[in-house]
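Each chain, written out:
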Amino acid sequence: MPDPPAGAGQGGDGQWSAMTSAAAGPGSAVPGARLVMPVILLAIFTVPLSVSGTAVSLGDIADDLGSSPTGEQWVLNGYNLTFACSTLVWGSVADIIGRWRALLTGLLTFGAGSAISLVATDYLTLDGARLVAGAGAGAVFSVGSAVVSSNFRGERRTRAFALLGSVAGLSLAFGPTLCGLLTEMAGWRLVYGFQLVCLVLACAGMPLIRRAADHERRQAVRIDLAGAVLFCGATTLVLGGLALGSETGWASLPFLLCTVVGLACYGLFAWRESTAPSPLLSLRTLRSRRFSGITLVVAVASFTFTNAVAYLPVFLQGAFGFSPGASGAFLMFLTVPVLVAPLIAGRLAARGTPVDSIMTWSIALLVVGLVLTGVSAGPGLVWMALPMVIVGIGFGLQAGLVDGEALAQVPEKEAGMGAGWINTVRLGSEAIAVSLFGSLFASFVGSAAQASRQGFAAITVGSTLFAAVIGVWSVVLMRRGRHGEARPGEPGRTVEDAQDTAGTAPR
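From a predicted model like this one, the values you see are computed outputs, not experimental measurements.

Rules and cut-offs
Residues numbered from 1 in each chain as written. Predicted model: local features only at pLDDT ≥ 70, side-chain atom pairs only at ≥ 80, totals over all residues. Heavy atoms only, no water. Helix = DSSP H or I, 4+ residues; strand = E, 2+ residues; numbered from the N terminus. Expected span 1.5 Å × (residues − 1). Buried < 20%, exposed > 50% of the residue type's maximum accessible area, 1.4 Å probe, protein only. Contact = heavy atoms within 4.5 Å. Core = buried A, V, L, I, M, F, W, Y, C linked by side-chain atoms within 4.5 Å.

1. Observations regarding helix α8 (residues 189-204)
Between its terminal C-alpha atoms α8 stretches 23 Å, which fits the 22 Å expected from 16 residues at 1.5 Å a residue. The complete set of buried residues in α8 reads V191, Y192, G193, Q195, C198, L199, A202 and C203.

2. Concerning the environment of W421
Within the secondary structure layout, W421 lies in helix α20 (residues 415-442). Counting along the chain gives 332 residues from W421 to V89, while the straight-line C-alpha distance between them is 9.0 Å. Those residues within four positions of W421 in sequence are excluded, and the remaining contacts are L88, L281, L286, F291 and T295.

3. Observations concerning the side chain of S282
Mapped onto the elements, S282 comes out in the loop between α11 (253-275) and α12 (283-286). Discounting chain neighbours no more than four positions away, the residues touching S282 are E414 and M417.

4. Let's talk about the nonpolar core
In terms of nonpolar packing, the biggest core is built from 98 residues, with I40, L107, I209 and L312 touching the most fellow members. With 15 residues, helix α13 (residues 289-320) is the single largest residue contributor to this core. With near-sequence residues (within four places) excluded, L312 lies in contact with N307, L331, L334, M384, M388 and F456. Grouped together as the second largest cluster of nonpolar side chains are ten residues, I61, A120, L126 and W188 included.

5. Topic: the environment of W188
Mapped onto the elements, W188 comes out in the loop between α7 (154-186) and α8. Considering only alpha carbons, one finds W188 and G53, 135 residues apart in sequence, at a separation of 8.5 Å. Those residues in contact with W188 that lie beyond four places of it in its chain are S57, D60, I61, D64, L65, S117, A120, L126 and T183.

See the structure below:
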């Protein structure tokens, strides 16, 4: 056990003991941490389910509430918008008010949105409920990752994040099928009822989270409300502009206006964070090359795996006349590997395989697999199955490692902030990828088969180009950061981090 940092004083010994007790040993866990995992896993499972379940049940919603393109669009977009805006805010708020408090508040918010959705009788109520649910879901992803990060160390930490990746993959792979069955059984309301039951069970387990969080420290500072307003406003404008651009064209005035004002707000946000005494996002964290490099792996997945998930069903229905159910079933070649690959990645890392090597293989498989999927789309479906499996494996390898490895680069007291930023990059890059290439897909004309084949080929080439550039940048930053930066808790960071925690209060 390392000695307390110089200058900690008598009053700092207890704090230093609390900071290091969880890190004792190569594969340790905070007492009671094992009971934390079922709660976090159940909450994580519900978040992707809320997206896929809504998408599958949109037709039934329209039959019940009436046809309204705007209303139907915001059932999905409202959730995604508040989800994207809130992840960074929740992460930083959790570091201040305590992670168990933030997670409980997020679960209650998510549950309230699901409950209102369950009884909604018009689009205004349903769309408003989805905005509320998305805001709560942002806490589940960002704060849930931070809770896992601060309660496990070494091999157990790696296995815990691998399990998170597998559960998210389980929800992604089988969520559409499950929600489709629920809709067929009793209508679209049962989908939200099922989500509500999951969230109530997660809330019931929150005392376990609170008990395991006793060792954590929270920052005795105020929430950066001005930064939160600027960030949420900028994100709303940019994502709203992307939605407008895909409909009205990328040279349209609404798109350009939203984009320019949104980028200006991001600039003001960066200035605010560089001067604020308690910033929403620490720029010191972003200056870590390794943290930034690992975070970019998420963007690679957005321009490959996410695009494939979004447009493969459209391609299959247009080019081969698949039904929605059949196209969803064929998509399992892509999604089922995500169940297994995170566990494989965790086992490889636990046995000493460098995380950088696993991340590099993940990027390579995502890029190569998507190219082969596009090339093999012409000859027929049989040739597409193996490339789709390759893409799924590539995504799964990083899904179980990227969050944990990125959070290992930031001080424990900023784990919430780090998790919030990772999920902000994840959601933002997904929105850009889907909007950009959705517009490209829609620009192809001709018969359904010809348009879908040409559009899908163009999307795979464009996605591969973006992903390859981002992937090379990511690998360079990871390797430079590995040699040039000390991890939190290593010489050169420990004293600073310990001094930064002076004045913190127990959670």
